[in-house]
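Read off the chains here:
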Amino acid sequence: MIRCILLCILLAVPVIARPFTPGSLPAKTKWFIHADLEEFKKTEMGRFALKQMEHFSKDLRPLELMLGLDLRQDLHAVTLFGSGLKEAEVVVMLHGKFDRKQITKLAETAKEHRAIQFRSQVIHGWEDKKGVHYGCLVKEHAILFSDGLQSLRGAINTLNNESAGLKEKAIYKKSTAGKRPFFLIGLIDFEALDDLNANASIIKKMKAVCITVGQFEKNLQGRLLIQPRDEKTGTQIHQIIKGMIALVEFASDEDDPELSDLNEMLKNLKVERMHPFIAMDLKIPAKAIVNSLQMKFELTNK
């Protein structure tokens, strides 16, 4: 169910009208990724995506009529978050302008539909071959989906200010400090996800990671902040990252276009210790990315 929702979102790619804060998520949230479509539409990549959507307007129209909204105008943001990695622990939150009557009517047509009263809200449940799913429209501007009823209830309580939200971690504050606009932000609290089956030993050395992506002036800028377990592991991770970059530079071969392109990109990557964090900052001209996407789009449509 969640995969289908995300597919529709990606097809609509034009996402929050109001600033995102971790406090809008339940206190038990251990990871999240938030896409601000309104900010994305201001970027060169966003304008390119909106233009390409014109080719799919006829295909998207039936979905828009069914949902009673214009995906390019009425959908403002998407947030995916969870208290764990199981599907019942994951919640999808859509922010936008929604028609309550149309959404309710659509929900009631679902197979095995059931209405569950929860405080002042009505949760809609339905069932298919993959199991039971739940959804709820909150405050006219947020639709929540989850395969876990308990997870959905927790998210509703937080949005309605009936339970505490997630506190801002130091790594989040550092990532979002300054005036750099961003349309994508994600955070994983590895320390809270203590049941994480991490095959890579480097993951076990991290407390948390936070990533932001946005466009500032004419550059697409990405920042990855890593919070190590301690000072010693921070030094180790920093050395590992620098070693991997040096290896790519050493192995770069003009006869290997992919390796050559990667090496060229790494020239724009800055890695530094920003105690207690390790910061990786990447700047790429937005126009170059759009030109590359344009070429690939033209090749696939020949």
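Before reading further, recall that the structure is shown in the block above.
Residues numbered from 1 in each chain as written. Predicted model: local features only at pLDDT ≥ 70, side-chain atom pairs only at ≥ 80, totals over all residues. Heavy atoms only, no water.

Side note on the environment of L75
By the element assignment, L75 lies in strand β2 (residues 75–82). The sequence separation of L75 and K97 amounts to 22 residues, and the corresponding C-alpha distance is 6.6 Å. (Helix = DSSP H or I, 4+ residues; strand = E, 2+ residues; numbered from the N terminus.)

Digging into the pairing of strand β6 (residues 131–138)
Among the eight residues of β6, seven are classified as buried, and the element is accordingly described as predominantly covered. Two elements, strand β5 (residues 121–128) and β6, share five bridges in a ladder whose sense is antiparallel. Each bridged residue has a counterpart across the sheet, and for G125 the counterpart in β6 is Y134. Adjacent in sequence and paired antiparallel, β5 and β6 are bridged by two residues. Pairing analysis gives five bridges linking β6 to strand β7 (residues 142–146), with the strands arranged antiparallel. Within the sheet, the bridge partner assigned to Y134 lies in β7 and is S146. (Buried < 20%, exposed > 50% of the residue type's maximum accessible area, 1.4 Å probe, protein only. Pairing = 2+ DSSP bridges.)

What about the pattern of salt bridges?
In total, this model carries nine salt bridges according to the counting rule given. A salt bridge links D281 to R223, with the nearest nitrogen and oxygen atoms 2.7 Å apart. Of this pair, D281 sits in strand β12 (residues 277–285) while R223 sits in strand β10 (residues 219–228), and the two are 58 residues apart along the sequence. We note that D281, like R223, is buried. (Salt bridge = Lys/Arg side-chain N within 4 Å of Asp/Glu carboxyl O.)

Concerning the nonpolar core
The biggest cluster of nonpolar side chains holds 29 residues, and the ones touching the most others in it are F32, I123, L144 and I156. With four residues, the single largest contributor to this core is helix α7 (residues 149–159). For I156, the residues in contact, after removing those within four places along its chain, are F118, Q121, I123, C136, V138 and L144. If you look at the next biggest cluster of nonpolar residues, it comprises 21 residues, including L37, M53, L60 and L137. (Core = buried A, V, L, I, M, F, W, Y, C linked by side-chain atoms within 4.5 Å. Contact = heavy atoms within 4.5 Å.)

Comments concerning the packing of helix α3 (residues 44–53) against helix α12 (residues 286–300)
Where α3 contacts α12, the axes come no closer than 9 Å and their chain directions differ by 25°. As judged from the angle between their axes, α3 and α12 are roughly parallel. Classified by chirality, the crossing of α12 by α3 is right-handed. Across the interface between the two elements, E44, M45, F48 and Q52 from α3 touch A286, K287, I289, V290, L293, Q294 and F297 from α12. Residues of the contact of α3 with α12, tallied by class, amount to seven nonpolar, two polar and two charged. (Axes fitted to C-alpha atoms, helices over the stretch in contact; angles between N-to-C directions. Parallel < 35°, antiparallel > 145°, perpendicular 65-115°, else oblique. Left-handed = near helix turned anticlockwise from the far one by under 90°. Nonpolar A, V, L, I, M, F, W, Y, C, P; charged D, E, K, R; others polar.)

Brief notes about the sheet that holds strand β9 (residues 206–216)
Taken together, the 12 strands give an open sheet; going across it, the order is β4-β5-β6-β7-β3-β2-β1-β8-β9-β10-β12-β11, and neighbouring strands pair in antiparallel fashion. Edge positions in the open sheet fall to β4 (114–118) and β11 (269–274), since each of these has one partner strand only. Recorded for the sheet is a direction-independent mean angle of 15° between the axes of neighbouring strands. The pairing of strand β3 (residues 90–96) with β7 spans five bridges and is antiparallel. From the neighbouring strand, H95 faces β7, where its bridge partner is A142. Of the strands in this sheet, β2, β3, β4, β5, β6 and β7 touch α7, which is tilted by about 155° from β7.

Examining α7
For α7, the complete set of buried residues consists of S151, L152, A155, I156, N157, T158 and L159. The inward-facing, buried residues of α7 abut β2, β3, β4, β5, β6 and β7.

Considering the packing of aromatic side chains
All told, the structure shown has four aromatic pairs when counted by the stated rule. With a centroid separation of 5.4 Å and an interplanar angle of 55°, the aromatic rings of F20 and F32 are classed as tilted. Of this pair, F20 sits in the loop between α1 (2–11) and β1 (31–36) while F32 sits in strand β1; the two residues are 12 residues apart in sequence, bridging distant segments of the chain. Relative to F145, the ring of W126 lies with its centre 6.5 Å away and its plane at 85°, an arrangement referred to as edge-to-face. Of this pair, W126 sits in strand β5 while F145 sits in strand β7; the two residues are 19 residues apart in sequence, bridging distant segments of the chain. Just as W126 is buried, F145 falls in that class too. Through pairs of rings, three or more aromatic residues link up here, namely F20, F32 and Y172. (Phe/Tyr/Trp six-rings, centres within 6.5 Å; stacked < 30°, edge-to-face > 60°.)

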